[in-house]
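# Coordinate analysis (summary)
These are the residues of each chain, in order.
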Amino acid sequence: MSLLNRLRTRLDELALASLPGLGGGQDHLDFQAELPAGVFGSILKLNVTVDSEAHGDGERMRVRAHLQTNFASVLKPMLQAPSPPRTKKLGRKQRGSESRALAPAAAFIGDVATRSARRAFSNPLVQRLAEPLMKRDFNNWIEVTASTASLDRGAHDLIPRSDKLEAMGIRPARHSGPHMESWSGLTARGNAQVSTLQLDKNSLPKNLRKKLGDQPFNLAAMIVSTIEEK
């Protein structure tokens, strides 16, 4: 079993543990999670997508993740607003009907998150430490692509959205070997940073190279982080 097949199998096992409707051997996985704050929106949002497919003479796996942290646009106004009335817990009849219980359940979770945050931020030390964060929203996009196919330019061929990066003046290294690079700059409402990572087979530990045998291996990753002032 190839390195990517073992990784995909492990991801499938994790998916089965958390998402019962998914079966093993799949080529696509979506996962979403959030920390609600009632009518104000979501303090945290996480979206993860995993895809695998045939790629030339090998296989390619791509993992995408987006983490959105709304401290300034959601958490701050939530803490400044008057405390909402406590949401009632679900009764037996509500729990017996999934469609009717969905909205009350979401409201109850949001109520719990809101009250927990209010209790935490009532501590003066927490307030002082969190004050700089409360002025900003954070976004992080992560994309990792690994391939066991023969590639002309190695890991450089796997760098996502390379054409858009070049349009912004970002040109990751093209020669072989491990590379980790970073670029940063100002945006209209804050600043942004782009980081790339390139690894080839020779960058792997010796035992992994031995398991791969004659099979090629390349990996490229990109992290885009933005901070918006509110």
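Structure: above.
Please read these numbers as outputs of a predicted model, since none were measured by experiment. (Residues numbered from 1 in each chain as written. Predicted model: local features only at pLDDT ≥ 70, side-chain atom pairs only at ≥ 80, totals over all residues. Heavy atoms only, no water.)

Each helix and strand counted, the protein has seven helices and seven strands in total. Reading the protein from its N end, one meets helices and strands in the order α-β-β-β-α-α-α-α-β-α-β-β-α-β. Going through the 230 residues of the protein one by one, you find that 34% of them count as buried. A separation threshold of at least 6 residues defines the contact pool for the protein, and within that pool the share at least 24 residues apart is 60%. If you sum the accessible surface of the protein, you get close to 14300 Å²; carbon and sulfur atoms cover 57% of it. (Helix = DSSP H or I, 4+ residues; strand = E, 2+ residues; numbered from the N terminus. Buried < 20%, exposed > 50% of the residue type's maximum accessible area, 1.4 Å probe, protein only. Contact = heavy atoms within 4.5 Å. Areas by Shrake-Rupley, 256 points an atom, 1.4 Å probe, with all protein chains shown as cover.)

The seven strands lie next to each other as β1-β2-β3-β4-β7-β6-β5, forming an open sheet whose pairing is antiparallel. The strands lining the two open edges of the sheet, one partner per strand, are β1 (28-36) and β5 (179-186). Each neighbouring strand pair of the sheet contributes to a mean axis angle of 10 degrees, computed without reference to strand direction. Where β5 lies against strand β6 (residues 190-200), eight bridges are found, and the strand directions are antiparallel. Bridging across to β6, Trp183 finds its partner in Val194. (Pairing = 2+ DSSP bridges. Axes fitted to C-alpha atoms, helices over the stretch in contact; angles between N-to-C directions.)

A few words now on the packing of aromatic side chains. For the structure shown, the criterion picks out one aromatic pair. For the ring pair Phe71 and Phe138, a centre distance of 6.0 Å and an interplane angle of 75 degrees mean the geometry is edge-to-face. With Phe71 in helix α2 (residues 71-80) and Phe138 in strand β4 (residues 136-147), this residue pair connects regions lying 67 residues apart in the sequence. Exposure class is identical for Phe71 and Phe138. Each is buried. (Phe/Tyr/Trp six-rings, centres within 6.5 Å; stacked < 30°, edge-to-face > 60°.)

On to the pairing of strand β2 (residues 42-55). In this sheet, β2 lies alongside β1 in antiparallel orientation, the contact comprising nine bridges. Bridge assignment links Gln32 to a residue of β2, and that residue is Asn47. From the end of β1 to the start of β2, which pair antiparallel, there are five residues, and Gly38 there has a positive phi angle of about 60 degrees. Judged from the twelve bridges that link them, β2 and strand β3 (residues 58-69) form a sheet pairing that is antiparallel. Among the inter-strand pairings, Leu46 is bridged to a residue of β3, identified as Leu67. Hairpin connection, β2 to β3: the antiparallel pair is bridged by two residues, and Gly56 has positive phi, about 60 degrees.

For the rest of this paragraph, the subject is unusual backbone geometry. Backbone geometry places Arg161, a non-glycine residue, at a positive phi of 55 degrees. For Arg161, a relative accessible area of 44% corresponds to the partly exposed category.

With that settled, consider the nonpolar core. Residues Ala37, Ile43, Phe71, Val74, Leu75, Met78, Ala117, Phe121, Ala130, Met134 and Phe138 constitute the largest nonpolar core, which totals eleven residues. Take this core: its biggest share by element is four residues, from α2. Setting aside residues up to four positions removed in sequence, Met134 forms contacts with Phe71, Ala72, Leu75, Lys76, Leu79 and Phe121. One finds Leu158, Ile159, Val194 and Met222 within the second-largest nonpolar core, a separate group that totals seven residues. (Core = buried A, V, L, I, M, F, W, Y, C linked by side-chain atoms within 4.5 Å.)

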